[in-house]
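As a plain string of letters, each chain reads:
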Amino acid sequence: MSDLLHFSEHTLQEIALGVMTVVYITRIIWLMRFKTGKERQPATGLRGTTMRNGVLYSWGNIAMPWAMESTRTKMFIYGQFVIFHLGVTVAIGLSFIIPYAPGLLESALLVRILQVIIGAACVMGVIRIIRRVSDLYMRAISSPDDYFALILLTVWFFFATLAVPNSTAGGEGILLTYFMLTAFFLIYVPFSKISHYLYYPFTRYYFGKTMGHRGTYPMKRVPEPRR
Amino acid sequence: MKSSNKRSHKAQKVLERFEKKLNRQIVGSLVACVHCGNCTSACHYVLANPGDPTYAPAYKADRIRRIFKRHFDWTGRVFPWWVHAKSIYTDQDLDDLKDIAFGKCTNCRRCSINCPMGVDFATFNRMARGLLVSVGVMPEGVAVVSKDQWEIGNQMGVLKEDHVETLEWLAEELEMEMNDPRATIPIDRPDCEVVYSINPREVKYDPRTISDAAKIFYATGESWTMPSEDWDMTNFGLFSGDDELGGAVARRLYEKVSELRGKKLVISECGHGYRSTRCEGPNWAGMDITDFEMESSVITMTRYIKEGRIKVDKSRNAQPVTFHDSCNNARSCGLFEEPRELLNLVCEDFREQYPNRAENYCCTGGGGAMSMSEYTPQRLKSAKIKADQLKATGAETVVTSCHNCVDGLSDLIKHYKLGMQVTQLVNLVANALVIEPRPEVPVEVAPPVAEPAELAGSKILVVDDEPDFLLFVSTVLEDNGATVLQASNGDEALKLAKAEKPDLITLDISMPGKSGIEVFEELRNTPETASIAVCIITGKPEMRQLIYNRPVPPPEGYLNKPVDEEAIMLNIRKTLKLISKE
Ligand code: SF4
Ligand code: SF4
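Residues numbered from 1 in each chain as written. Chains lettered and ligands numbered in written order. Predicted model: local features only at pLDDT ≥ 70, side-chain atom pairs only at ≥ 80, totals over all residues. Heavy atoms only, no water.

Draft legend 1. Geometry of the overall build of chain A. The number of helices and strands found in chain A is 9 helices and 0 strands. Of the regular secondary structure in chain A, the N- to C-terminal order runs α-α-α-α-α-α-α-α-α. Principal axes of the C-alpha set define a box for chain A whose edges measure 65 × 50 × 40 Å. Summarising the internal contacts of chain A: among those between residues at least 6 apart in sequence, 77% fall at separations of at least 24. For chain A, the accessible surface area stands at approximately 10,900 Å², while carbon and sulfur atoms represent 71% of it. Counting 22 positive and 11 negative side-chain charges, chain A places the averaged centre of each group 19 Å from the other. (Helix = DSSP H or I, 4+ residues; strand = E, 2+ residues; numbered from the N terminus. Contact = heavy atoms within 4.5 Å. Areas by Shrake-Rupley, 256 points an atom, 1.4 Å probe, with all protein chains shown as cover. Lys, Arg positive; Asp, Glu negative; His and termini not counted. Charge placed at Lys NZ, Arg CZ, Asp CG, Glu CD.)

Right, here's the structure in full:
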């Protein structure tokens, strides 16, 4: 292993993670500086629609595609979302496995599984790029950051898929690119829309709390009977 | 917040106030959008305007979000173009924002419940409205209605004398109908179980909802009252985003109930009124309401039936009905099972519409849209979704628990020629009511005298270009003793009004030549005819500008076509009664 690859796998990642952590903490402190609205209204709604249940339901929404019309009626897009985010998790995990537990990758089966997941996420990334570019509505709401973040992740998935075997047999190019992209990704995240996962627990918490207290969450649905 | 000398005074003020309006929930919604587009097809504006992405919730939200990003977001401040951050500079920028915040969104919250990230666009759109209102940028109707609610205490500018006189007249009618002096509308009675609060639309234009509620209270023997002042449970602060107005209006009503020592504040059927009074009001007013309860009249009526305090015969409501959930009731207050329970108790043939409950589509009249006549064409276009939903039910009547929805639905039913009626639960309950004769109260019986016809001595000018309708209204009025004059166009109407000085004019809006709106304005602007009472009878939404924008004093009455004899007579009697008292 060259010094550059060693630096990329270890020091660079640690610096990137450190920067990301500091920026994230700063972001959270910034968000917490804003006051929360005080809720004085006595609860409304059916029994079971409480603040607590509303929050749990709201957090759980992500795993309940049937709960929201927007996911229920677009299962293909929901499927893309699941695979894409699974890919992110696995590709991030890979940046820890390679330097700290490379032995795991001696299992050909595990290598294959990780490659399939990250590869599928890469394909989803391509589909998402096409959708963002070709759909009139998506174009209208997209900023350069939206395009860049998506392309960045898709390219990163591509190199992550190739990097899974942790092999330098054909040269270090793949691994170096993967780790450098990972470091860039970690540093770029807090400044881009990719930081949404930092806000996700908060936004869904407050929305769930409000809607639970007001009797809407957990949502009761009466679908049209099949004819 | 940096100031810029390139910026207009108003734009500068909006920016200065932006920060003060931010709370954690709103900031979360402003930073968390990932532009996934999931909310796009949740919005009725998008569905009714295919190919126009400017209606997409995230697009609209970004018009507000980009200001936030430019001034509060790290990346937005350094590389604004990268995240589409942009400040506001000119009054035109504010006007553009107004057209989005007020004209392209009813704050229905349907996109909010469809956002995987929990972005609540409707809430920060309301914030944007509030910022615009704070610098005087708002639709004309919003300005007029807000002013009346601040100054007169209710959003239709109903004066205390008119309110009390209408209640007294309704009480007399009820007493006559029930043939019982105990059938009345108690005003300002202290220590009652129920203080009943209403929407000013009821006292001004839809008195039947008050008399139906009074009949129900009478049948239960409830101890109830209506305040003579501070009785408005609607709150334009919800629509205008003005929390101060919201707090002031809610506080007045709460203090009135406390002053009367009422045990329960019952809120008549109105979505935004219920949400403002029951849910948001305590927050805006900064009051914890502990000395009385608050409930929707839907819950009150259901309880009366379930407790056996009133009996109903559902066969009297045999026609097929469907139920439209008001967004404020269902989506923002969880009130959707209760109206269905009541409907099933008083109607024979209730048909769901899909989607329903918290997923229902807006009537398109929400968020104060009925008062913004400049956006009427796009409102009616976006109503196509609701129209299709109603049509699919095959019902003849659509029931809703909201006065705004009554107006919104009435407009779209006419626009899309659905031929349906709109009614409220209170009307259906009153219609199904089986009133047991009460033990007689001994009263001195005067010798019978022949009753004069109800409208005897009144001169009424009926104006309509449809000969059948002209004949129908004229016959109803003549049968009830009125002297009727007829005009089939605007010029004829103005000539007759000046020459004959009728007590009242019933006026159609859509006529060839001079429209009813022009005729009405000319009547009001001509000294000899300015004080003649006018009741608009129309099928056109344009008349709402007379009610909300009020370029001249609003009409004394209005009725939506089609009308029946009972509705005509109720409105005419009410208007004539008020004039005679004056
Ligand atoms: S709140 Fe309603 S009207 Fe406004 S954007 Fe969302 S779905 Fe559309
Ligand atoms: S669904 Fe939510 S995150 Fe996606 S575009 Fe709409 S508001 Fe943004």
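Draft legend 2. Region of the structure containing the sheet that holds strand E15 (residues 557–560) of chain B. Residue and element names in this part refer to chain B. Strand order across the open sheet formed by 5 strands is E12-E11-E13-E14-E15, with parallel pairing between neighbours. Only two strands of the sheet have a single neighbouring strand rather than two, namely strand E12 (483–487) and E15. Averaged over all pairs of adjacent strands, the angle between their axes in this sheet comes to 20°, without regard to strand direction. In this structure, strand E14 (residues 533–538) lies alongside E15, joined through 4 bridges in parallel fashion. Looking at the pairing, threonine 538 lines up with asparagine 560 of E15. (Pairing = 2+ DSSP bridges. Axes fitted to C-alpha atoms, helices over the stretch in contact; angles between N-to-C directions.)

Draft legend 3. The arrangement of the pattern of salt bridges in detail. Scanning all chains against the criterion turns up 43 salt bridges over all chains. The residue Asp243(B) makes a salt bridge to Arg126(B) at a minimum N-O spacing of 2.6 Å. Here Asp243(B) is found in helix H13 (residues 243–259), whereas its partner Arg126(B) is found in helix H7 (residues 121–134), with 117 residues between them in sequence. Put simply, Asp325(B) and Arg340(B) hold a salt bridge, and the shortest N to O gap is 2.7 Å. You can see Asp325(B) sitting in the loop between strand E6 (320–324) and helix H16 (327–333) and its partner Arg340(B) sitting in helix H17 (residues 337–346), a full 15 residues away along the chain. Neither residue differs from the other here; Asp325(B) and Arg340(B) are each classed as buried. The structure contains a network of salt bridges with shared partners spanning Lys220(A), Asp325(B), Glu337(B), Arg340(B), Glu352(B) and Arg357(B). (Salt bridge = Lys/Arg side-chain N within 4 Å of Asp/Glu carboxyl O. Buried < 20%, exposed > 50% of the residue type's maximum accessible area, 1.4 Å probe, protein only.)

Draft legend 4. Looking closely at the site of ligand 2. Residues in contact with ligand 2, as listed here, are Cys33(B), Val34(B), His35(B), Cys36(B), Gly37(B), Asn38(B), Cys39(B), Ala58(B), Cys115(B), Pro116(B), Met117(B) and Val119(B). Using a 2 Å cut-off from the grid points, one finds that ligand 2 occupies the second largest cavity. (Near = heavy atom within 4 Å. 1 Å grid on protein atoms, 1.4 Å probe; cavity = no way out; pocket = protein on both sides within 12 Å on 5 of 7 lines; lining within 4 Å. Sits in = over half its atoms within 2 Å of the grid points.)

Draft legend 5. How the structure looks around the domain arrangement of chain B. All names here are of chain B. As assigned here, chain B comprises domain 1 (9–138), domain 2 (151–306), domain 3 (311–434) and domain 4 (452–581). Placing a centre on the C-alpha atoms of domain 1 and another on those of domain 2 gives a separation of 35 Å. Facing 7 residues of domain 1, the contacting portion of domain 2 comprises 9 residues. Buried area between domain 1 and domain 2, both sides added, is near 580 Å², and the carbon and sulfur share of it is 36%. It is Arg126, Arg129 and Val133 that lose the most area in domain 1 upon contact with domain 2, and together they represent 66% of the buried surface on that side. Here domain 1 and domain 2 share 1 salt bridge between them. Along the contact surface separating domain 1 from domain 2 lie 6 residue pairs in polar contact (both at pLDDT 80 or more). No other element matches H7, which puts 4 residues into the side of domain 1 that touches domain 2. (Domains from an automatic or database assignment. Buried area = accessible area lost by both parts, 1.4 Å probe. Polar contact = N/O pair within 3.5 Å; in protein donor to acceptor, adjacent residues only side chain to side chain.)

Draft legend 6. Main features of the environment of Glu466(B). All names here are of chain B. Looking at the secondary structure, you find glutamate 466 in the loop between strand E11 (459–463) and helix H22 (467–479). Residue glutamate 466 is classed as partly exposed on the basis of its relative accessible area of 40%. Taking the C-alpha atoms as reference, glutamate 466 lies 7.4 Å from serine 488; in sequence the two are 22 residues apart.

Draft legend 7. Representation of the sheet that holds strand E7 (residues 349–351) of chain B within the structure. All names here are of chain B. As summarised here, the arrangement of the 4 strands in space is E7-E6-E8-E9, forming an open sheet in which the pairing is parallel. A single partner strand is all that each edge strand has here, and the edge strands are E7 and strand E9 (421–423). With direction set aside, neighbouring strand axes in the sheet form an average angle of 35°. Note: strand E8 (residues 397–400) against E9, 3 bridges, orientation parallel. Residue pairing for E9: valine 399 is matched across the bridge by threonine 423. Packing against the sheet, helix H20 (residues 403–415) makes contact with E6, E8 and E9, and its axis sits at approximately 155° to E8.

Draft legend 8. Structural view of the site of ligand 1. Residue and element names in this part refer to chain B. The immediate surroundings of ligand 1 are formed by 13 residues, with Cys43, Cys105, Cys108, Arg109 and Cys111 found nearest. Those elements that place two or more of their residues in the shell around ligand 1 are helix H3 (44–48) and helix H4 (57–72). Grouping the constituent residues of the shell around ligand 1 by class yields 7 nonpolar, 3 polar and 3 charged. (Nonpolar A, V, L, I, M, F, W, Y, C, P; charged D, E, K, R; others polar.)

Draft legend 9. Structural view of the interface of chain A and chain B. Across the contact, 63 residues belong to chain A and 71 residues belong to chain B. Between chain A and chain B, a total of about 5,700 Å² is buried, with carbon and sulfur atoms accounting for 58% of that surface. Summed over the three residues of chain A that lose the most area to chain B, namely Arg40(A), Tyr137(A) and Ile141(A), the buried surface amounts to 13% of that side. For the interface between chain A and chain B, the tally reads 6 salt bridges. Residue assignment for the side of chain A that touches chain B shows that the elements contributing at least two residues are helix H1 (3–33), helix H3 (69–72), helix H5 (108–134), helix H6 (136–141), helix H7 (144–163) and helix H9 (196–213) of chain A. Per-element tally for the side of chain A that touches chain B: the top contributor is H9(A), with 9 residues. Per-class residue counts for the side of chain A that touches chain B are 30 nonpolar, 15 polar and 18 charged.

Draft legend 10. Examining the packing of aromatic side chains more closely. All names here are of chain A. With the rule as written, the count across this model stands at 33 aromatic pairs over all chains. Relative to tyrosine 197, the ring of tyrosine 24 lies with its centre 6.1 Å away and its plane at 80°, an arrangement referred to as edge-to-face. Of this pair, tyrosine 24 sits in helix H1 while tyrosine 197 sits in helix H9, and the two are 173 residues apart along the sequence. Using a relative accessible area of 41% as the deciding quantity, one classes tyrosine 197 as partly exposed. (Phe/Tyr/Trp six-rings, centres within 6.5 Å; stacked < 30°, edge-to-face > 60°.)

Draft legend 11. Summary view of the nonpolar core. Judged by nonpolar contacts, the single largest core of 178 residues is most densely connected at Phe157(A) and Leu22(B). Sequence-distant contacts of Leu22(B), defined by excluding residues within four places in its chain, comprise Phe34(A), Val27(B), Leu30(B), Phe68(B), Phe72(B) and Met127(B). Ranked by size, the runner-up nonpolar core spans 20 residues in total, among them Ile460(B), Val462(B), Ile537(B) and Ile572(B). (Core = buried A, V, L, I, M, F, W, Y, C linked by side-chain atoms within 4.5 Å.)

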